[in-house]
Amino acid sequence: MARGSIQKRIGPQGRVSWTAIVDLPKVLDPKTGKLVRKQKRVTAATKKEVEAMAAALVAATEKGMPDTTRATVAEFMAYWLGTLGGAVKPGTLRAYRDMTRNHVVPYLGPVRLAKLTPAHLHQLYAGRTAAGLSNTTVNMLHHMLHRAIGDAVRWEHVHRNVADAAKPPRRDRPELTVWSIAEVERFLTAAHDASDPLAALWALALDTGMRRGELLGLKWADVDLEAGALSISRTLSRGGGG
C-alpha cells in the first residue's frame, strides 16, 4: 500500500509551498532483476491542495499505474485524470474529461506516451482548428496537455515535456458587446412586468456585476438589509457528474 509524507518548504523570497512524497509499491527493476521502491513528489501552494493531490495519487497508484514504457496517451490520460481528485475544481475536471474524450483520445490515443513529439501536438492543434474549434478551445486543450505531460515528467514517466515545444494558436479576443443603460432598463422593466421569478436575480447581476456562481451561491446570511450590503463568501458550480 502506498504511503508518504508532507513537507512544508519556504523559498528564498519567503514563498511557501508544500510537497508530498508518496512511497509507491515495489516494482521489478529490469536491469538488476531486484524489487525497488520508487517515490513520487507532488507540490502545491497550500497544504490542503497537496494533501488532495497526494491522496489522489495514492488511490490511482493502488488501482494500478500504467507501464510507462508502453503506456499509450489514452492510458496515461485516463490515469492522470484519476489523480486530479480535489486538486482542481469540478468544472475544470469535467472540461478536462470532455477534451480528453473528444479531442485527445480519438487522435493521439494509440500513440505511446514515450514516443509523443511536438509534431504530434502541432498536428492535433491544426486538425482541431480546421475542424472548427475556436482558438480559445484549442489553447485550453494545449494547457491541459501541458499540465498532464508536466506531471508525467515530475513522476519520471517521461524525460521532457514535449508541449513546451508546441505552440497553440492564440486565444480569441472577441469584441465585447455591452448593453446601454436604456437597454438595461428595458430588460428589467420587461422582467418585472412579466412577473419573471428571476427578476431580482437579473437586477442584482446587472447592478453588481457578480458572476453566475457567486449569484447562485448567495444565502440570506450573506445579506444585510439594514446596511444595504451583501458579502460573497462562496460560489456554486456544477459537479463533475453533470
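Right above here is the structure, for reference.
Residues numbered from 1 in each chain as written. Predicted model: local features only at pLDDT ≥ 70, side-chain atom pairs only at ≥ 80, totals over all residues. Heavy atoms only, no water.

**What to know about a nonpolar patch on the surface**
Phase 1 of the analysis: A cluster of nonpolar side chains, namely Trp179, Leu198, Trp202 and Leu206, defines an oily patch on the protein surface of about 380 Å² accessible area.
Phase 2 of the analysis: Take Leu198: it is sitting in the loop between α6 (181-193) and α7 (199-208). (Patch = residues over 30% accessible without salt bridge, like charges linked within 9 Å, V, L, I, M, F, W, Y side chains within 5 Å. Areas by Shrake-Rupley, 256 points an atom, 1.4 Å probe, with all protein chains shown as cover. Salt bridge = Lys/Arg side-chain N within 4 Å of Asp/Glu carboxyl O. Helix = DSSP H or I, 4+ residues; strand = E, 2+ residues; numbered from the N terminus.)

**Observations concerning the side chain of Glu214**
Phase 1 of the analysis: Structurally, the position occupied by Glu214 is in helix α8 (residues 212-216).
Phase 2 of the analysis: With sequence-adjacent residues up to four places away left out, Glu214 is seen in contact with Ile232, Arg234 and Thr235. (Contact = heavy atoms within 4.5 Å.)

**Remarks on the packing of aromatic side chains**
Phase 1 of the analysis: Tallying each qualifying case throughout the model produces five aromatic pairs.
Phase 2 of the analysis: Between the aromatic rings of Phe76 and Tyr79, the centroid separation amounts to 6.2 Å while the plane-to-plane angle is 50°, which identifies the pairing as tilted. With a gap of three residues between them, Phe76 and Tyr79 both fall in helix α2 (residues 73-84), about one helical turn apart. In terms of burial, Phe76 and Tyr79 fall into one category: buried.
Phase 3 of the analysis: Ring plane angle 70° and centroid distance 5.8 Å describe the contact between Tyr79 and Trp155, whose orientation is recorded as edge-to-face. With Tyr79 in helix α2 and Trp155 in the loop between α5 (135-154) and α6, this residue pair connects regions lying 76 residues apart in the sequence. Each of the two residues, Tyr79 as well as Trp155, counts as buried.
Phase 4 of the analysis: An aromatic cluster is built from Phe76, Tyr79 and Trp155, whose rings are joined through pairwise contacts. (Phe/Tyr/Trp six-rings, centres within 6.5 Å; stacked < 30°, edge-to-face > 60°. Buried < 20%, exposed > 50% of the residue type's maximum accessible area, 1.4 Å probe, protein only.)

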